[in-house]
Amino acid sequence: MLGAVGNQGVFDRSRSFKTKLTTTDVGKAVAMVGNNEVGLGTDGDTFIGVLGRVEKDGTARVECFGNVTAVANGTINVGVPVVVDGLGKVKTAGTAINGRGFVSVVDAGKVQIEL
């Protein structure tokens, strides 16, 4: 294991990462911002998952496999991959090669993404 967070159980629905995010960020779309560390990233970064929980020790549980729900930025169609917008939402990857997953449901500003 490198650092306080390891890569064991990487195929669980959610896994642990380091973070500087807080409990007010729970539910936001996150990207990798360092070694085993997630944050909001910058516009167009690869979507890793949705922040599920933040612990007092600076670790977070991120829902990064299976079906996850995220808030959408702009119009997103079913079947497209997504990226983060840097503000905690996802947007259509467009021609970006770093899009992840595919949108399976669009409903009232939120999307379900299959990862």
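Our structure is the block above this text.
Quick notes on the rules
- Residues numbered from 1 in each chain as written.
- Predicted model: local features only at pLDDT ≥ 70, side-chain atom pairs only at ≥ 80, totals over all residues.
- Heavy atoms only, no water.
- Pairing = 2+ DSSP bridges.
- Helix = DSSP H or I, 4+ residues; strand = E, 2+ residues; numbered from the N terminus.
- Axes fitted to C-alpha atoms, helices over the stretch in contact; angles between N-to-C directions.
- Core = buried A, V, L, I, M, F, W, Y, C linked by side-chain atoms within 4.5 Å.
- Buried < 20%, exposed > 50% of the residue type's maximum accessible area, 1.4 Å probe, protein only.
- Contact = heavy atoms within 4.5 Å.
- Salt bridge = Lys/Arg side-chain N within 4 Å of Asp/Glu carboxyl O.

What about the sheet that holds strand β4 (residues 49-54)?
With mixed pairing, five strands are arranged side by side around a closed barrel as β1-β3-β2-β4-β5. Here the strands of the sheet are splayed against their neighbours by 60° on average, with no regard to which way each runs. In terms of strand pairing, strand β2 (residues 29-34) meets strand β3 (residues 37-39) through three bridges, oriented antiparallel. Paired with Gly34 across the two strands is Glu37, which belongs to β3.

Considering the nonpolar core
Membership of the largest hydrophobic core comes to 15 residues, with the highest contact counts inside it found for Phe47, Ile76, Val82, Val90, Val103, Val111 and Ile113. For this core, the secondary structure elements donating two or more residues are β2, β6 (67-71), β7 (82-84) and β10 (110-114). Filtering out sequence-adjacent residues up to four positions away, Val111 remains in contact with Val68, Thr69, Ala70, Ala72, Ile76, Val90, Val103, Val105 and Val106.

Quick look at the sheet that holds β6
Overall, antiparallel pairing links the three strands, which are arranged β6-β10-β9 in an open sheet. What marks the edges here is a single partner per strand, and that holds for β6 and β9 (102-107). Sheet twist, expressed as the mean angle between neighbouring strand axes with direction ignored, is 30°. Taken together, the five bridges between β9 and β10 define a ladder with antiparallel strand orientation. If you follow Val106 over to β10, its bridge partner there is Val111.

A closer look at the pattern of salt bridges
Here the structure, examined in full by the defined rule, presents five salt bridges. Residue Asp25 pairs with Lys28 through a salt bridge whose shortest N-O separation is 3.0 Å. A residue is classified by how much of its surface remains accessible, and Asp25, at 11% relative accessible area, is buried.

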